[in-house]
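Architecture at a glance
Here is how the chains run, residue by residue.
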Amino acid sequence: MPQSHPSRPTASQLMRGSDSSAPPLTPEEDRRWATLSHFGGIAGCLPSAAIYFIFRDRGPFTAQESREALNFTLPLTVVLVVLFALGYLPAVGWIFSLVAVFLWAIMAITGLVAYAECNKGRPYRYRLNFRFIQ
């Protein structure tokens, strides 16, 4: 007698993804993710970009603050990558490396200031910020 195999899931059942109706963030979670988006400025634009694209529809404070952090860190991260690459030039590379370290320090310090303000529940606006992402 032939053995029956359990039915295998189809490709559409496997590639279904997660539920699009994720619950909204609680006020504590909303503030936490918003503050982490600013704190992530130490590592460049990747943390704020990840938080913005994952949580922007789930919490208004997170959407606002992660967008602000992303708009601030994105151009600086691009400039830092270029400066670090130019740092490998012989004879003058050390100048580019020093400028890169200085810019990273500015990005890290302003991110920590924004983190402290945002952790108190207050929105933070960077003084010099290109708002590419609306």
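Everything that follows concerns the structure shown earlier in this document.
Here the residue numbering is sequential within each chain, running from 1 through the sequence in written order. Residue-level local features of this predicted model are given only where pLDDT is at least 70; pairs of side-chain atoms are given and counted only at 80 or more, and the full residue set underlies all totals for whole chains, interfaces and linings. Side-chain metrics in this entry use all non-hydrogen atoms of the structure; hydrogen atoms and water are not considered.

**Some words on the packing of helix 2 (residues 27-39) against helix 3 (residues 46-55)**
An axis is simply a line fitted to the C-alpha atoms; with a helix, the fit covers only the stretch in contact. Between two such axes, the angle follows the N-to-C directions and lies from 0 to 180 degrees. Where helices and strands are cited, they refer to DSSP runs of H or I of at least four residues and of E of at least two residues respectively, numbered from the N terminus. Orientation of helix 2 relative to helix 3, taken along the N-to-C sense of each, is 150 degrees, at an axis distance of 8 Å. It follows that helix 2 is roughly antiparallel to helix 3 by the angle criterion. Two secondary-structure elements touch here, helix 2 through W33, L36 and S37 and helix 3 through S48, I51 and F55. Its residues assigned to classes, the contact of helix 2 with helix 3 shows four nonpolar, two polar and no charged. In these notes the angle categories are as follows: under 35 degrees is roughly parallel, over 145 is roughly antiparallel, 65 to 115 is roughly perpendicular, and the rest is oblique. Residue contacts are counted whenever heavy atoms from the two residues lie within 4.5 Å of one another. Throughout, the ten residues Ala, Val, Leu, Ile, Met, Phe, Trp, Tyr, Cys and Pro are labelled nonpolar, Asp, Glu, Lys and Arg are labelled charged, and all others, Gly among them, are labelled polar.

**What to know about the nonpolar core**
The tendency in soluble globular proteins is for nonpolar side chains to be buried side by side. In terms of nonpolar packing, the biggest core is built from 11 residues, these being A69, F72, L76, L80, L83, A100, L103, M107, A114, Y124 and Y126. Among the secondary structure elements, those contributing two or more residues to this core are helix 4 (60-86) and helix 5 (93-119). It is helix 4 that provides the largest number of residues to this core, a total of five residues. Those residues within four positions of A114 in sequence are excluded, and the remaining contacts are H38, Y124 and Y126. As used here, the term nonpolar core means buried Ala, Val, Leu, Ile, Met, Phe, Trp, Tyr and Cys residues forming a set that is joined through side-chain atoms within 4.5 Å. For the exposure calls, accessible area comes from a 1.4 Å probe over protein chains only, and a residue counts as buried if that area is under 20% of its type's maximum, exposed if over 50%, partly exposed in between.

**What to know about a nonpolar patch on the surface**
On the surface, L89, V92, W94, I95, L98 and V99 cluster together into a nonpolar patch covering about 550 Å² of accessible area. Along the chain, L98 falls in helix 5. Residue classification places L98 among the exposed positions, given a relative accessible area of 52%. Like charges within 9 Å and nonpolar side chains (Val, Leu, Ile, Met, Phe, Trp, Tyr) within 5 Å are joined into patches, using only residues over 30% in relative accessible area that form no salt bridge. A 1.4 Å probe and the Shrake-Rupley method give the accessible areas. Residues count as covered only by the protein chains that appear here. Salt bridges are counted wherever a side-chain nitrogen of Lys or Arg sits within 4 Å of a carboxyl oxygen of Asp or Glu.

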